[in-house]
Amino acid sequence: MWLFVGLGNPGPAYEKTRHNIGFRVIDAMRARTGARDISKKSFQGELYRQGNLFFLKPTTFMNLSGKSVAPVLHFFKIPLEHLVVIHDDIDLKFGEIRLKRGGGNGGHNGLKSIDAAVGRDYIRLRMGVGKPKHKSQVVDYVLQPFTPVEEEKVPCLVDYAAELALRIPHKSLEELKSRYTLKATDDPCAN
């Protein structure tokens, strides 16, 4: 069993923001797999399942994501090493996609909440969204939509990340990191 969690904030006001790219990847994964809704109030999120794959969009708001992730992990007895969290990362340039297991949270409040609830030894699929010029602008920056030029590329990046995430249960993390991570100069949309 595997649990894929896309981080974001619920509601239409946040739908196209940088902070919600994890939700968009989960939606793409659901579409690819035909996962069906199995949400329960106690999970505090939208939960979908296809076979041994679970897809979660916490509805707790970003800063409380762990309150949704922990009950799902425990209820379905999914081991921490089979948790994949998909999130925005301001330390990566827009368009970069990286994988790693464990590590720090980089100040990301969604990761802080998950770390506190279940521990840190899970896989992270980091989606680069770029960073503002000044540290004081981070909150406003991640809660803004992508620029029109960026938004043109977002659907392709989301599809690429969804495909990469669905390979995680079948390949070693090291192989995936060496073959499928993206630099900002890579263009998965180019034919």
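See above for the structure.
Residues numbered from 1 in each chain as written. Predicted model: local features only at pLDDT ≥ 70, side-chain atom pairs only at ≥ 80, totals over all residues. Heavy atoms only, no water.

A. Examining the sheet that holds strand E2 (residues 36–37) more closely. Read across the open sheet, the seven strands follow the order E2-E3-E4-E1-E5-E7-E6; overall the sheet is mixed. What marks the edges here is a single partner per strand, and that holds for E2 and strand E6 (97–101). Relative to strand E5 (residues 83–89), strand E1 (residues 2–6) runs parallel, the two sharing four bridges. By the bridge assignment for E5, Phe4 is matched with Val84. (Pairing = 2+ DSSP bridges. Helix = DSSP H or I, 4+ residues; strand = E, 2+ residues; numbered from the N terminus.)

B. Expanded view of the pairing of E5. Most of E5 is tucked away, with seven of its seven residues classed as buried. Burial of E5 is two-sided: the residues Leu83, Val85, His87 and Asp89 facing one way and the residues Val84, Ile86 and Asp88 facing the other way are all buried. Sheet topology places E5 next to strand E7 (residues 123–128); six bridges connect them, and they run parallel. Looking at E7, one finds that Asp89 is bridged to Gly128. (Buried < 20%, exposed > 50% of the residue type's maximum accessible area, 1.4 Å probe, protein only.)

C. Molecular detail of unusual backbone geometry. Positioned with a positive phi, Gln44 is a non-glycine residue whose angle comes to about 50 degrees. Take Gln44: it is sitting in the loop between E2 and strand E3 (45–50). Despite not being glycine, Phe61 has its phi angle at roughly 75 degrees, a positive value. By the element assignment, Phe61 lies in the loop between strand E4 (53–58) and helix H2 (66–75). Residue Phe61 is classed as partly exposed on the basis of its relative accessible area, which comes to 40%.

D. How the structure looks around the side chain of Thr60. Relative to the helices and strands, Thr60 resides in the loop between E4 and H2. Of the residues examined, Thr60 reaches a relative accessible area of 9% and is grouped as buried. A polar side-chain atom of Thr60 sits 3.5 Å from the main-chain amide nitrogen of Ser65. When sequence neighbours within four positions are dropped, the list of residues in contact with Thr60 reads Gln44, Ser65, Lys67 and Ser68. (Polar contact = N/O pair within 3.5 Å; in protein donor to acceptor, adjacent residues only side chain to side chain. Contact = heavy atoms within 4.5 Å.)

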